[in-house]
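Read off the chains here:
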Amino acid sequence: MATLLRRAAWAVASPFVAAGRGYDGLARRYPKSTAIITTTAKTSVADAFAQLVVERNEKLDLNRHAVFVTFGFAFLGVWQYYLYNVLFRRWCAPITSVVGHWGSAPVKVFLDQAIQ
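Just so it is clear, the structure is predicted and the values come from calculations on it, not from any experiment.

With respect to helix 2 (residues 31-54)
Turning to step 1, where the next piece is worked out: Here helix 2 contains 24 residues, and its C-alpha end-to-end distance of 32 Å stays within 8% of the 34 Å for a straight helix at 1.5 Å per residue.
Turning to step 2, where the next piece is worked out: Within helix 2 the residues assigned to the buried category are Thr34, Thr39, Thr40, Thr43, Asp47, Ala48 and Gln51.
Turning to step 3, where the next piece is worked out: Elements in contact with the buried residues of helix 2: helix 1 (2-29) and helix 3 (62-115).
Turning to step 4, where the next piece is worked out: Remark: arginine 56 follows helix 2 within two positions and exhibits a positive phi of approximately 55 degrees.

This is the structure:
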């Protein structure tokens, strides 16, 4: 019975595991593009959900949607990728070299909260 349950669980989970591995491979090969596309898509879906489901609008306000998608692309995608993966690494490199990533993480969190 336990083997049957494991097989059934794997049959349900395996497409999600495969998708996660595929996404991970893309993110490793193309980190900037993956970050920008992901944040733009998430912002688009979130705004569409907010308009159509939460606010119960009959149709999507395309002007508002364009503003949110632009925000997702420019701020969440481009700027935050640059901030977290370029600037924070540069600013915290001396700390990281002494105490490692665990030691520099609180400094990065402080910078994140103080800057944004």
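After presenting the structure, the write-up continues.
Brief notes about the packing of aromatic side chains
Turning to step 1, where the next piece is worked out: Here the structure, examined in full by the defined rule, presents four aromatic pairs.
Turning to step 2, where the next piece is worked out: Each ring, one from tryptophan 79 and one from tyrosine 82, has its centre 6.2 Å from the other, and the planes form 45 degrees; the classification is tilted. Taken together, the positions of tryptophan 79 and tyrosine 82, both in helix 3 and three residues apart, correspond to about one turn of that helix.
Turning to step 3, where the next piece is worked out: On the accessibility criterion, tyrosine 82 (37% relative accessible area) is partly exposed.
Turning to step 4, where the next piece is worked out: Relative to tryptophan 91, the ring of phenylalanine 88 has its centre 5.9 Å away and its plane inclined at 45 degrees; by these criteria the two rings are tilted. Taken together, the positions of phenylalanine 88 and tryptophan 91, both in helix 3 and three residues apart, correspond to about one turn of that helix.
Turning to step 5, where the next piece is worked out: We classify phenylalanine 88 as buried; its relative accessible area is 2%.

Points about the pattern of salt bridges
Turning to step 1, where the next piece is worked out: The full count for this structure, using the stated rule, is three salt bridges.
Turning to step 2, where the next piece is worked out: The partner of glutamate 55 in a salt bridge is arginine 64, and the shortest N-O contact between them spans 3.0 Å.
Turning to step 3, where the next piece is worked out: Classification of glutamate 55 as partly exposed rests on a relative accessible area of 40%.
Turning to step 4, where the next piece is worked out: On the basis of relative accessible area, arginine 64 is assigned to the partly exposed category, the value being 25%.
Turning to step 5, where the next piece is worked out: Residues participating in the shared-partner salt-bridge network are Asp47, Glu55 and Arg64.

Thresholds, definitions, all that
Residues numbered from 1 in each chain as written. Predicted model: local features only at pLDDT ≥ 70, side-chain atom pairs only at ≥ 80, totals over all residues. Heavy atoms only, no water. Helix = DSSP H or I, 4+ residues; strand = E, 2+ residues; numbered from the N terminus. Expected span 1.5 Å × (residues − 1). Buried < 20%, exposed > 50% of the residue type's maximum accessible area, 1.4 Å probe, protein only. Contact = heavy atoms within 4.5 Å. Phe/Tyr/Trp six-rings, centres within 6.5 Å; stacked < 30°, edge-to-face > 60°. Salt bridge = Lys/Arg side-chain N within 4 Å of Asp/Glu carboxyl O.

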